[in-house]
Amino acid sequence: MLNKEGRPTTPNAAAGRARGTFTSNRALQIEEPLIFEIGRADVTGVDMDEPEPFTPRLGGRERTSATGLPGLSEPEAMRHYVRLSQKNYAIDSGLYPLGSCTMKHNPRLNEQMARLPGFADIHPLQPQSTVPGALDLIEGLANWLMTLTGTHAIAMSPKAGAHGELCGMMAIRAALEARGESAARNVVLVPDSAHGTNPATAAMIGFEVRSVPAREDGTVSTEAVKAALAPDVAAIMLTNPNTCGLFERDIVAIAEAVHAAGAYFYCDGANLNAIIGKARPGDLGVDCMHINLHKTFSTPHGGGGPGAGPVVLSERLAAFAPVPFIRREGGAPALVEHAAGSRSLGRICAFHGQMGMFVRAFAWMLSHGSDGMRQASEDAVLNANYTRACLSDVMSPAFPDRTCMHEVLFTDAWLKGTGVTTLDFAKAMIDEGYHPMTVYFPLIVHGAMLIEPTESESRASLDLFIMALRDLAFSVRRGETERFAAAPFFAPRARLDETLAARSPVLRWTPPAPIEEPAPVG
Ligand SMILES: *Cc1c(COP(=O)(O)O)cnc(C)c1O
């Protein structure tokens, strides 16, 4: 890299040399500076003619100085973005056991379908009569989701799980308003194993959050819910299977108690991957549940693309669904955009939702069929239990007496007294070429390690992963703390202060100093 004076620079040259390479590259892992650091104002990848003389019509507000944007030649631009892309660990590069995230393979068939011009090239403001196929697909997906969950209505527009939670809780609030009870019922019950988005959603809409403790066995008891229920309770937000990877066995009794107390049952459906074709949340008494298409139905997420969080609603909440929704009029699907005079909660975002995600999810559903989807859930649960069985003698399962659903939770009890923490262990996994599992969540067990392999890992892939973890565990037992203390050793960046980075982000760059010439011999 050259700086503005034409001298080579690399932001971490000194650090790189300390680690043993002049460039700070590590074999084929190339250190990549910011585009501002390598770009020059006088370079461009395009060759445009000088414009003909013209009179600006911006009333004197036209720019007179350079924009200061960095310029790169085409090969430099190509390398910059390819190198950045290579820093991204993805489900396409390896096993991604992040619990509560369902990082499953995204079949390429879905991608092909999403790129069909009739889906990819349409515009949300096009007249509806020109996009009947797209509307048909949204309706088909909506029907499958309601069928799989045993529910009566659906909101397709939410853009993520957390957005779905917001939508669902707004439907509950609208229902309470219709009953004239929204002022009286201002409390939402949330078990202490809940995902952070649950209490955040409830608080954002103005509900007060009341915590429900979990039992020793990791699940919520009907008694604990009954004890927390009162005339001021609007709803409970419960995850099933829960974030400990356990099925809430008392869910039907909990739903009955919640309904008897005049409240609603919101289910966080992020873990639907464990139960498709096995249990329908509607049958379990759920009033409202978001579905993470980007988890359960294999659409890319994380760094890979946007999500989609449709919300299914029971009969009790169906009337409050947001617009737009699809209705058949004279045989053709129509998007109902306005619901004046209805009890709809209104609109929660522009347009109809994430079309690309809808196509991918529907392609996955159609290619699996109902039997294939049930099989996927069974395999996801099998893979998690296989992982659990193969690691339970060296690590400590949080709930040793129960088989798990699609993810398995370990505590750090097995690390006690070794000087190695959950974080150290997770970082050492990076050296072995694995993305770590979810750590320190859920909060109800100490030093949590939550592993979700998903159904798309083969036996061979799981065996290698398990053996890598066993090797690390034996290292811990042999007291080889140096393998963990400063891990990862082979990653270009090691222990970042993520809290500091989030709280005090560095949003300005300062030009790096040029590196010194290599010292000549002699
Ligand atoms: C992923 C997840 C969410 C939030 O979903 P997003 O799509 O990330 O907003 C909520 N609850 C649970 C249990 C989750 O795993």
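For the structure, check the block above.
Each chain has its residues counted from 1, following the order in which its sequence is written. Selection of residues for local features in this predicted model requires a pLDDT of at least 70, selection of side-chain atom pairs for listing and counting requires 80 or more, and totals for whole chains, interfaces and linings are taken over all residues. Excluded from the side-chain calculation are hydrogens and water; included are all heavy atoms of the structure.

Undergrad: I keep staring at the pairing of strand E5 (residues 264–268) and nothing clicks. Help me out?
TA: Two faces make up the sheet, and in a regular strand the side chains alternate between them. Think of it in three bands: with a 1.4 Å probe and only protein chains considered, a residue is buried below 20% of the maximum accessible area for its type, exposed above 50%, and partly exposed in between. Helix and strand assignments follow DSSP, with helices taken as H or I runs no shorter than four residues and strands as E runs no shorter than two, numbered in order from the N terminus. Of all five residues making up E5, five are buried, and the element is well covered by its neighbours. Pairing between strands is defined by DSSP: at least two bridges between the two strands are required. By the bridge criterion, five bridges tie strand E4 (residues 233–239) to E5 in an arrangement that is parallel. Bridging across to E5, Met237 finds its partner in Tyr266. Whether a crossover is right-handed comes down to one check: with the strands pointing away from the viewer, does the path from the first strand over the helix to the second run clockwise; if it does, it is right-handed. For the crossover that starts at E4, traverses helix H10 (residues 251–260) and ends in the parallel E5, the hand is right-handed. The sheet contact formed by E5 and strand E6 (residues 288–290) spans three bridges and is parallel. By the bridge assignment for E6, Cys267 is matched with Met289.

Undergrad: For this particular structure, what's the right way to read the nonpolar core?
TA: Residue types Ala, Val, Leu, Ile, Met, Phe, Trp, Tyr and Cys, when buried and joined through side-chain atoms within 4.5 Å, form a set referred to as a nonpolar core. Ranked by size, the top nonpolar core spans 60 residues in total, and within it Leu141, Leu145, Leu189, Val225, Leu293, Phe297 and Phe358 carry the most contacts. Breaking this core down by element, the ones donating at least two residues are helix H6 (132–149), strand E2 (187–191), helix H9 (222–228), E4, H10, E5 and helix H12 (355–391). Broken down by element, this core gets its largest block of residues, 11 residues, from H12. Boundary definitions for the domains trace back to an automatic or database domain assignment. Residues from two domains meet in this core; each of domain 1 (109–121 + 131–365) and domain 2 (370–501) gives at least three. Any pair of residues with heavy atoms lying within 4.5 Å of one another is described as a contacting pair. Here Leu293 is in contact with Leu141, Leu145, Ser298, Thr299, Ala308, Pro310, Met357, Phe358 and Ala361, once residues within four sequence places are set aside.

Undergrad: Help me understand unusual backbone geometry in this model?
TA: Outside of glycine, negative phi angles account for most residues, and trans bonds account for most peptide bonds. Omega for the peptide link from Phe441 to Pro442 comes to 0°, which places this bond in the cis form. For Pro442, the position within the fold is in the loop between strand E12 (438–439) and strand E13 (449–451). A cis amide bond links Ala487 to the next residue, Pro488, at an omega of 5°. Structurally, Pro488 is set in the loop between helix H15 (482–485) and helix H16 (498–503). Even without being a glycine, Thr102 presents a positive backbone phi close to 45°. Considering the arrangement of structural elements, one finds Thr102 in the loop between helix H3 (74–86) and helix H4 (108–114). What makes Thr102 buried here is its relative accessible area of 0%. At Thr454, a residue that is not glycine, the phi angle is positive and equals roughly 70°. Inspection of the secondary structure puts Thr454 in the loop between E13 and helix H14 (459–477).

Undergrad: So what exactly am I meant to see when it comes to the sheet that holds strand E11 (residues 408–411) here?
TA: Two strands in a sheet stick together by hydrogen bonds in their backbones, pointing the same way (parallel) or opposite ways (antiparallel). The sheet built from four strands is open, its strands ordered E10-E11-E13-E12 with antiparallel pairing. At either margin of the open sheet sits one strand with a lone partner, and together these are strand E10 (396–397) and E12. Across two bridges, E10 lies against E11 in antiparallel orientation. Its bridge partner lying in E11, Pro397 is registered against Phe410.

Undergrad: What should I look at first to understand the site of the ligand in this one?
TA: We call a residue near a given molecule or strand whenever any one of its heavy atoms falls within 4 Å of it. As a structural note, the neighbourhood of the ligand is formed by Ser100, Ala160, Gly161, Ala162, Glu165, His195, Thr197, Asp268, Ala270, Asn292, His294 and Lys295. Ser100 has a polar side-chain atom sitting 2.7 Å from an oxygen atom of the ligand. Between the ligand and His294 there is a distance of 2.7 Å, counted from an oxygen atom to a side-chain nitrogen or oxygen. Values of accessible area rely on a 1.4 Å probe in the Shrake-Rupley scheme; residue burial ignores everything except the protein chains shown. For the ligand, whose accessible area on its own is 380 Å², the fraction buried by protein is 86%. In protein, a polar contact requires one atom able to donate a hydrogen and another able to accept it; more generally it is a pair of N or O atoms within 3.5 Å, and residues adjacent in sequence count only if both atoms are side-chain atoms.

Undergrad: Got a minute to help me understand the packing of aromatic side chains in this structure?
TA: In this description, a pair of aromatic rings is defined by centroid distance and the angle of the planes. Pairing of aromatic rings covers Phe, Tyr and Trp, the last through its six-membered ring, and needs centres within 6.5 Å; plane angles under 30 degrees mean stacked, over 60 mean edge-to-face, and all others mean tilted. On inspection of all chains with the given rule, the structure shows six aromatic pairs. On the numbers, 5.1 Å between centres and 85° between planes, the contact of Trp414 with Phe425 is edge-to-face. Pair noted here: Trp414 is in the loop between E11 and helix H13 (422–431) and Phe425 is in helix H13, with a separation of 11 residues, a long-range link. As far as the burial class goes, Trp414 and Phe425 line up, both buried. Among the aromatic residues, those joined into a ring-pair cluster are Trp414, Phe425 and Phe484.

Undergrad: Looking at this model, I keep getting lost on the packing of H12 against H14. Mind explaining?
TA: The description of two packed helices rests on the angle between their axes and on the distance between the axes. The contact between H12 and H14 brings their axes to 10 Å, and the two run at 30°. For the element pair H12 / H14, the angle class is roughly parallel. Both H12 and H14 take part in a crossing whose hand is right-handed. Contacts between H12 and H14 involve Asn383, Tyr386, Thr387, Cys390 and Leu391 on the former and, on the latter, Arg459, Leu462, Asp463, Phe465, Ile466, Leu469 and Arg470. The convention used is that axes are lines fitted to C-alpha atoms, helices contributing only their stretch in contact, and that angles between N-to-C directions extend from 0 to 180 degrees. Each angle receives one of four descriptions, namely roughly parallel if under 35 degrees, roughly antiparallel if over 145, roughly perpendicular if within 65 to 115, and oblique otherwise. By convention the crossing between two helices is left-handed if the near helix lies anticlockwise of the far one by an angle smaller than a right angle, and right-handed if it lies clockwise.

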